[in-house]
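As a plain string of letters, each chain reads:
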Amino acid sequence: MLSIIVAIGKNNEIGKKNDLLWNLPADMKHFRDTTRGHTIIMGQKTFESLGIGPDGKLGKTLPNRRNIVLTQDPTFYREGIEIFHSIEELENKLKTENQNEENFVIGGGMIYKLFIDRVDKLYITHVDASFSDAEVYFPIIEETKWQKIRSEKHSKDDLNIYDIEFAEYIKK
Ligand SMILES: NC(=O)c1ccc[n+]([C@@H]2O[C@H](COP(=O)([O-])OP(=O)(O)OC[C@H]3O[C@@H](n4cnc5c(N)ncnc54)[C@H](OP(=O)(O)O)[C@@H]3O)[C@@H](O)[C@H]2O)c1
């Protein structure tokens, strides 16, 4: 099973300058708790956005998860990640594995666009704010295609400066 996990602003904005638009520890915890022990799939840019690895190069693995990175660069290599060069190559590999296992597409913009019609479930953190400086966006979540099955709202606090909603959608 393939799912997407993402945090989006009111206009579906997700990032700028290869970074997030907010610092929301509650959402980071939600992300860690949801994906821990699972496979995470990301684009090369999102991998680089996670920090500097032990080799001193941009790109850091997230612990306690199997890290998969998509890149079209045939020379790209980093310790601790599995690399795939096309969606088809990745899908063929996942087909040989346990189909009950939940795998998470974790971004960014290019990768979400490629996968939104291929996943079964969306974990969306709705951030109740707009960001006019955003550069990267999540696709429109079409009401005709997706049914919201869970909603958990959290009011802003000292550490999390925006109201957020943890929502889950399944394909109709
Ligand atoms: N709000 C959130 O929840 C969230 C989550 C994740 C990321 N983000 C943000 O999203 C932004 C990054 O998104 P992005 O769109 O710039 O980059 P991205 O989707 O993370 O990565 C794009 C890269 O993926 C590789 N790629 C794309 N299509 C491919 C394909 N068909 N086959 C193989 N590889 C492929 C290419 O790597 P090569 O160039 O190496 O070929 C491409 O440059 C950042 O600002 C980040 O902070 C936000």
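Structural data are supplied above this passage.
Residue numbers restart at each chain and count upward from 1, following the sequence in its written direction. Where totals are concerned, whole chains, interfaces and linings use all residues; where local detail is concerned, this predicted model gives features only for residues with pLDDT of at least 70, and gives and counts side-chain atom pairs only at 80 or more. Side-chain calculation: all heavy atoms of the structure are included, whereas hydrogens and water are not.

*Asks:* Quick question: what am I supposed to make of the site of the ligand here?
*Replies:* Around the ligand sit 28 residues, and of these Ala7, Thr46, Thr71, Gln72 and Met110 come closest. Measuring from a nitrogen atom of the ligand, one finds a backbone N or O atom of isoleucine 14 at 3.2 Å. Polar contact is defined as a pair of N or O atoms within 3.5 Å, subject to the rule that within protein one atom must be able to donate a hydrogen and the other to accept it, and that residues adjacent in sequence are counted only when both atoms are side-chain atoms. Interatomic distance of 3.0 Å between a backbone N/O atom of aspartate 19 and an oxygen atom of the ligand. Only the protein chains shown count as covering a residue, and every accessible area follows the Shrake-Rupley method with a 1.4 Å probe. The fraction of the free accessible surface of the ligand (940 Å²) that becomes covered by protein chains is 86%. Secondary-structure elements contributing two or more residues to the shell around the ligand are strand E1 (2-8), strand E2 (13-15), helix H2 (44-49) and helix H4 (109-115). By definition, any uninterrupted DSSP run of H or I lasting at least four residues is a helix, any uninterrupted run of E lasting at least two residues is a strand, and each is numbered from the N terminus. Element by element, the count of residues in the shell around the ligand is highest for H4, at 5 residues. In terms of residue class, the shell around the ligand is made up of 12 nonpolar, 12 polar and 4 charged. When we say a residue is near a molecule or strand, we mean one of its heavy atoms is within 4 Å of it. Lys, Arg, Asp and Glu make up the charged group, whereas Ala, Val, Leu, Ile, Met, Phe, Trp, Tyr, Cys and Pro make up the nonpolar group; the residues left over, Gly among them, are polar.

*Asks:* Even after reading the chapter, I still don't get the sheet that holds strand E6 (residues 103-105), so can you show me in this structure?
*Replies:* Remark on secondary structure: sheet strands pair via backbone hydrogen bonds, oriented parallel or antiparallel. If DSSP finds at least two bridges between two strands, the strands pair. Spatial strand order, E5-E4-E3-E6-E1-E7-E10-E9: 8 strands in an open sheet with mixed pairing. Bordering the open sheet on either side are strand E5 (82-84) and strand E9 (146-154), each of which pairs with just one other strand. Within the sheet, the average angular offset between the axes of one strand and its neighbour, ignoring direction, is 20°. For E1 and strand E7 (residues 121-127), the ladder comprises 6 bridges, and the chain directions are parallel. Residue pairing for E7: isoleucine 8 is matched across the bridge by histidine 126. Whenever a helix is involved, its axis is fitted only over the stretch in contact; in every case the axis is a line through C-alpha atoms, and angles between N-to-C directions fall within 0 to 180 degrees.

*Asks:* Help me out: how do you make sense of the environment of glycine 53 in this one?
*Replies:* Of note, glycine 53 is situated in the loop between H2 and strand E4 (66-70). In sequence terms glycine 53 and glycine 80 are 27 residues apart; their C-alpha atoms lie 9.9 Å from each other. Any two residues whose heavy atoms approach within 4.5 Å are treated as being in contact. Excluding anything up to four places from it in sequence, glycine 53 contacts Gly59 and Lys60.

*Asks:* What should I look at first to understand helix H3 (residues 87-95) in this one?
*Replies:* Every α-helix winds through 3.6 residues per turn, so residues three or four apart in the chain are directed the same way. Relative accessibility under 20% of the residue-type maximum defines a buried residue, over 50% an exposed one, and the middle range a partly exposed one, all with a 1.4 Å probe and only protein chains included. Restricting attention to buried positions, one finds in H3 the residues Ile87, Leu90 and Leu94. What you see down the axis of H3 is that its buried residues fit within an arc of 65°, all on one side. For H3, the elements touching its buried residues are E1, strand E3 (39-43), E4, E5, E6 and H4. Taking the helix axis as origin, the arc is that swept by the directions to the C-beta atoms.

*Asks:* Is there a simple way to think about the side chain of glutamate 102 in this case?
*Replies:* Looking at the secondary structure, you find glutamate 102 in the loop between H3 and E6. Within this scheme the basic residues Lys and Arg register as positive and the acidic residues Asp and Glu register as negative, but His and the chain ends are omitted. Salt bridges, as used here, are contacts in which a Lys or Arg side-chain nitrogen is within 4 Å of a carboxyl oxygen on Asp or Glu. Here glutamate 102 sits buried without a salt bridge, and the closest side chain of opposite charge, lysine 121, lies 4.9 Å off (N-O distance). Polar side-chain contacts of glutamate 102 include one of 2.8 Å to the side chain of tyrosine 123. Every residue in contact with glutamate 102, bar those within four places of it in the chain, is listed here: Met1, Ser3, His38, Thr39, Lys121 and Tyr123.

*Asks:* Which parts of the structure should I look at to understand the pattern of salt bridges?
*Replies:* A side chain with one charge can pair with a side chain of the opposite charge if their charged atoms come near. Counting across every chain of the model gives 16 salt bridges. A salt bridge links arginine 66 to glutamate 82; the shortest N-O distance between them is 2.8 Å. Here glutamate 82 lies in strand E5 and arginine 66 lies in strand E4, a separation of 16 residues in the sequence. What makes arginine 66 partly exposed here is its relative accessible area of 23%. Overall, the relative accessible area of 28% leaves glutamate 82 in the partly exposed class. The salt bridge partner of lysine 145 is glutamate 142, with a shortest N-O separation of 3.7 Å.

So yeah, pure geometry; function would need other evidence.
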